[in-house]
Amino acid sequence: MRRQLGQVSESVAYLKKKTEIQPQIGIVLGTGLGGLADRIQAASIVPYEEIPHFPISTVTSHAGRLIFGSLGGKNVMAKQGRFHYYEGYEAKEITFSIRIMAAMGVQTLIISNAAGGLNPEFEAGDLVLIRDHINLTGQNPLRGDNVDEWGPRFPDMTEPYSHALIGLAEKTARALDIKVHQGVYVGVTGPSMETAAETRFLRFIGADIVGMSTISEVIVALHSGMSVLGISVVTNVNDPDDYQPAPIEQVIATAERAGPKLVSLVEEILKRM
Ligand code: HPA
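So, here is what we can say about the structure in this document.

## Details of the pattern of salt bridges
Under the criterion given, the structure shown has seven salt bridges. A salt bridge links Glu50 to Lys18; its shortest N-O distance comes to 3.5 Å. Of this pair, Glu50 sits in the loop between β2 (41-47) and β3 (65-71) while Lys18 is found in helix α1 (residues 2-18), placing the two residues 32 residues apart along the sequence. Of the residues examined, Lys18 reaches a relative accessible area of 39% and is grouped as partly exposed. Here Lys271 ties to Glu268 by a salt bridge, and the two come within 3.8 Å at their closest N and O atoms. One end of the pair, Lys271, and the other, Glu268, are both in helix α8 (residues 248-272), three residues apart, so they sit about a helical turn from each other. Three or more residues joined by partner-sharing salt bridges are found here, namely Glu268, Lys271 and Arg272.

What follows is the structure, encoded as structure tokens:
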């Protein structure tokens, strides 16, 4: 971790040469939120491979980049192109960009993802404000010696997802006539999808949605003292009593259909922040 402290400093020194923007808000563009990148009045776009120590995506086809600019009147830093544990990255690599966001001055993180619906009231295409999470990945990005300059050894998890931001998101969604739920996100590693028995178990332990990202990033954001707003797009509904395959094409297509709704919601939330 100490080594990562030096790496983050070098990355940040590089980025500060590339942009004048002092971001207040960090955005992780998950599946469905990709379109938000086009709404940012970009001041600087920095490809990952230029940034010292930045993990480079070898598995995914699309290039990753950091976008610095203005959205909804706020200075933002958005991360386009994400790393997942199932691709072979370690939790520390997945969260390196969150450390960079924190060091650049980001205080609020907006993070989105595609998730499977477990709550029977949720439908494909619905949006869910994440109220809490269950980490079933067996990973924790804070494992190892703690960097006290970054945050506490045992970070508090009583309010992982800011109640104030959930309230703002609820109010904004009402104003835009967009239906949102609240729910508990359970993080798994994937890449295999859940079995029917696992789905029944996940519902039983109190989860409303399941996905393969987000948890590590949120833990590091909280460790860094950020407030977090997490939004999931329900891309498929998993009913253990009528269990159906959720092929990736369907997951992506549903996320893309719900994308514009999520983009409008996030942009309006930023305006009201
Ligand atoms: N399970 C896990 N991750 C997912 C799913 C799912 O059903 N849908 C989208 N991401």
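## Comments concerning the packing of aromatic side chains
The description of an aromatic ring pair rests on the distance of the ring centres and on the angle between the ring planes. The tally for this structure, following the rule as stated, stands at five aromatic pairs. Pairing Phe54 with Phe83 gives two aromatic rings, centres 6.4 Å apart and planes at 50°, and the pair type is tilted. Taken as a pair, Phe54 in the loop between β2 and β3 and Phe83 in the loop between β4 (74-80) and α3 (91-94) lie far apart in primary sequence, 29 residues in all. No difference in accessibility class separates Phe54 from Phe83, as the two residues are buried. An aromatic cluster is defined as three or more aromatic residues linked by ring pairs; in this entry it consists of Tyr48, Phe54, Phe83, Tyr89 and Phe96.

## A short note on the nonpolar core
Residues Ile27, Ile100 and Leu109 are the most contacted members of the largest nonpolar core, which totals 75 residues. Setting aside chain neighbours within four positions, we find Ile100 in contact with Val8, Ser11, Val12, Leu15, Phe54 and Met77. Residues Leu118, Val186, Leu202 and Val210 belong to the second largest nonpolar core, which totals six residues.

## Observations concerning the site of the ligand
The environment of the ligand is made up of Ala114, Ala115, Gly116, Met193, Glu194, Val210, Gly211, Met212, Thr235, Asn236 and Asn238. The separation between a nitrogen atom of the ligand and a polar main-chain atom of Gly116 is 3.3 Å. A distance of 2.7 Å separates a nitrogen atom of the ligand from a polar side-chain atom of Glu194. Coverage of the ligand by the protein chains reaches 93% of its 260 Å² of free accessible surface. Looking at the shell around the ligand, the elements that each hand over two or more residues are β5 (108-117), β8 (209-211) and β9 (227-237). Counting residues per element, the shell around the ligand draws most heavily on β5, at three residues. Taken together, the residues that form the shell around the ligand break down as five nonpolar, five polar and one charged.

## Notes on the pairing of β3
A large share of β3 lies buried, amounting to five of its seven residues. Bridge analysis of β2 against β3 gives six bridges, and the strand direction is antiparallel. Bridge pairing in β3 places Ser44 opposite Phe68. With antiparallel pairing between neighbouring strands as the criterion, β3 and β4 make up a hairpin whose turn holds two residues, including Gly72 at a positive phi of roughly 55°.

## Thoughts on the pairing of strand β6 (residues 127-135)
Pairing analysis gives eight bridges linking β6 to strand β7 (residues 180-187), with the strands arranged parallel. Bridge pairing in β7 links Ile130 to Gly183. The sheet contact formed by β6 and β9 spans three bridges and is antiparallel. Counterpart to Leu129 in the pairing with β9 is Ile231.

## Points about the packing of α1 against helix α4 (residues 96-104)
Packing of α1 against α4 leaves a shortest axis separation of 9 Å and a crossing angle of 60°. Classified by the interaxial angle, the pair formed by α1 and α4 is oblique. Two packed elements cross with a definite hand, and for α1 against α4 that hand is right-handed. Only Phe96, Arg99, Ile100, Ala103 and Met104 of α4 make contact with α1, whose side of the interface consists of Gln4, Gln7, Val8, Ser11, Val12, Leu15 and Lys16. For the contact of α1 with α4, the class distribution of residues is seven nonpolar, three polar and two charged.

## Describing the side chain of His84
Tracing the backbone through its elements, the reader meets His84 in the loop between β4 and α3. The buried category is assigned to His84, whose relative accessible area is 16%. With residues near it in sequence (within four places) discarded, His84 still touches Tyr89, Ile94, Met212 and Ser213.

Parameters at a glance
- Residues numbered from 1 in each chain as written.
- Predicted model: local features only at pLDDT ≥ 70, side-chain atom pairs only at ≥ 80, totals over all residues.
- Heavy atoms only, no water.
- Salt bridge = Lys/Arg side-chain N within 4 Å of Asp/Glu carboxyl O.
- Helix = DSSP H or I, 4+ residues; strand = E, 2+ residues; numbered from the N terminus.
- Buried < 20%, exposed > 50% of the residue type's maximum accessible area, 1.4 Å probe, protein only.
- Phe/Tyr/Trp six-rings, centres within 6.5 Å; stacked < 30°, edge-to-face > 60°.
- Core = buried A, V, L, I, M, F, W, Y, C linked by side-chain atoms within 4.5 Å.
- Contact = heavy atoms within 4.5 Å.
- Near = heavy atom within 4 Å.
- Polar contact = N/O pair within 3.5 Å; in protein donor to acceptor, adjacent residues only side chain to side chain.
- Areas by Shrake-Rupley, 256 points an atom, 1.4 Å probe, with all protein chains shown as cover.
- Nonpolar A, V, L, I, M, F, W, Y, C, P; charged D, E, K, R; others polar.
- Pairing = 2+ DSSP bridges.
- Axes fitted to C-alpha atoms, helices over the stretch in contact; angles between N-to-C directions.
- Parallel < 35°, antiparallel > 145°, perpendicular 65-115°, else oblique.
- Left-handed = near helix turned anticlockwise from the far one by under 90°.

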